[in-house]
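Observations on the three-dimensional arrangement
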Amino acid sequence: MNDCGFLDVETFERFLGNQPNTAAIGLSNYNLTAEVYELIPKEFAIEHDIFPVDKMGRMLTLGMVCPIDWRTIDEVAKMTGLTVSPFLCSAVDIRNAYEQHYGVERDESATTD
């Protein structure tokens, strides 16, 4: 926790990772392809702290900073026409993916308070 009593990112990620039915993945373990990450518009992904990881048949694996954000999961399902399987990803991994695959600098992908 920080001095204001708010959770820091690492504490939040540990909390979510310990919740039942919340699986975590590391994006560095995946070969991320344009075919998959172009399924979701860059601006939408950045706004919602998500990154599409893999597609197998009609199933989209979605890395999320908050994998219990059902509104975003539903929006992605409607947008892509796929069933979404959400996984917890660290904010650092997702921002690195933005930088590497979307060409977005770190300060552009940082969320505001």
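Residues numbered from 1 in each chain as written. Predicted model: local features only at pLDDT ≥ 70, side-chain atom pairs only at ≥ 80, totals over all residues. Heavy atoms only, no water.

**Description of the pairing of strand β3 (residues 83-88)**
Here is the rule we go by: What makes two strands pair is DSSP finding at least two bridges between them. In this text, helices come from DSSP runs of H or I with a minimum length of four residues, and strands from runs of E with a minimum of two, each type numbered from the N-terminal end. Seen with its strands pointing away from the viewer, a crossover is right-handed when the path leading from the first strand over the helix to the second is clockwise.
By the bridge criterion, 6 bridges tie strand β2 (residues 59-64) to β3 in an arrangement that is parallel. When the bridges of β3 are listed, Met 59 appears paired with Thr 83. For the handedness criterion, the β-α-β arrangement of β2, helix α4 (residues 70-80) and β3 is classed as right-handed.

**What about unusual backbone geometry?**
Comment: phi is negative for the bulk of residues other than glycine, and the bulk of peptide bonds are trans. Positive phi, close to 55°, is recorded for Asp 49, a residue that is not glycine. Inspection of the secondary structure assignment puts Asp 49 in the loop between α3 (42-48) and β1 (50-56).

**Some thoughts on the sheet that holds β2**
The line we're drawing: Only the stretch in contact is used when a helix axis is fitted, and all axes are lines through C-alpha atoms; the angle between N-to-C directions ranges over 0 to 180 degrees. Whether two residues touch is decided by their heavy atoms; if any such pair falls within 4.5 Å, the residues are in contact.
Taken together, 3 strands build an open sheet; the order of strands is β1-β2-β3 and the sheet is mixed. One side of each edge strand has no neighbouring strand; the edge strands of this open sheet are β1 and β3. On average, adjacent strands in this sheet sit at an angle of 25° to one another, irrespective of strand direction. For β1 and β2, the ladder comprises 6 bridges, and the chain directions are antiparallel. Its bridge partner being in β2, Met 56 is matched across the sheet by Met 59. Lying over the sheet, helix α5 (residues 91-102) contacts β1 and β2, oriented at roughly 75° with respect to β1.

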